[in-house]
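So the chains spell out like this:
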Amino acid sequence: LKLAKLIIKHVAAEFNLKPTDIRSDSRKQSFVMARGVSIWLIRKLLDLSFAKIGSLFSNRDHSTIMHAYRKTDQQLELSDDSPNNQFNNESAALIRLTLDRLELKLSNLFASEIQFV
């Protein structure tokens, strides 16, 4: 869980938020996006269960964590020429750019402990 908290800390910094903002129940768009990125990274990089990840985010139910994970994953799959609206494409581009930056930063911090996909 130490590495998961480190991921949350770095995602928060990337979004100019505090880790407590990401863990909060707020539905503010920037908090929701940062929370989704955190959940996605924790799942992909540390392979924690959705229940375990939920315990890091104010004891959220595993199904809530699964929804956030899948929503972030769907955003990553959107292509530039997708028929979806421009907002979704901009969100997908922002998430992809943020994830790429974070993977690089985190790999420098604990590359020996995580295998990037």
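None of the values given here were measured: they were computed from a predicted structure. (Residues numbered from 1 in each chain as written. Predicted model: local features only at pLDDT ≥ 70, side-chain atom pairs only at ≥ 80, totals over all residues. Heavy atoms only, no water.)

Caption draft 1: Main features of the packing of aromatic side chains. Considering all chains together, one arrives at one aromatic pair under this definition. Above the ring of phenylalanine 50, the side-chain terminus of arginine 43 is found at 4.0 Å from the ring centroid. (Phe/Tyr/Trp six-rings, centres within 6.5 Å; stacked < 30°, edge-to-face > 60°. Lys NZ or Arg CZ within 6 Å of the ring centre and 35° of its normal.)

Caption draft 2: Expanded view of helix α1 (residues 2-14). With 13 residues, α1 ought to run about 18 Å at 1.5 Å a step, and its terminal C-alpha atoms sit 19 Å apart, in line with that. All buried positions along α1 are accounted for by Leu3, Ala4, Ile7, Ile8, His10, Val11, Ala12 and Glu14. Looking one or two places after α1, you find asparagine 16, whose phi comes out positive at around 55°. (Helix = DSSP H or I, 4+ residues; strand = E, 2+ residues; numbered from the N terminus. Expected span 1.5 Å × (residues − 1). Buried < 20%, exposed > 50% of the residue type's maximum accessible area, 1.4 Å probe, protein only.)

Caption draft 3: Inspection of the environment of tryptophan 40 at higher detail. For tryptophan 40, the position within the fold is in helix α3 (residues 29-46). With 29 residues separating them along the chain, tryptophan 40 and tyrosine 69 place their C-alpha atoms 5.2 Å apart. Among all residues touching tryptophan 40, those that are not within four sequence positions of it are Tyr69, Thr72, Asp73, Leu76, Leu99 and Glu103. (Contact = heavy atoms within 4.5 Å.)

Caption draft 4: A look at the packing of α1 against α3. Direction vectors running N to C along α1 and α3 enclose 145°, while the axes themselves pass 9 Å from each other. α1 and α3 meet at a crossing whose hand is right-handed. Residues Leu3, Ala4, Ile7, Ile8 and Val11 of α1 form the contact with α3, whose own contacting residues are Ala34, Val37, Ser38, Leu41, Ile42, Leu45 and Leu46. Here the contact of α1 with α3 is built from residues that sort into 11 nonpolar, one polar and no charged. (Axes fitted to C-alpha atoms, helices over the stretch in contact; angles between N-to-C directions. Left-handed = near helix turned anticlockwise from the far one by under 90°. Nonpolar A, V, L, I, M, F, W, Y, C, P; charged D, E, K, R; others polar.)

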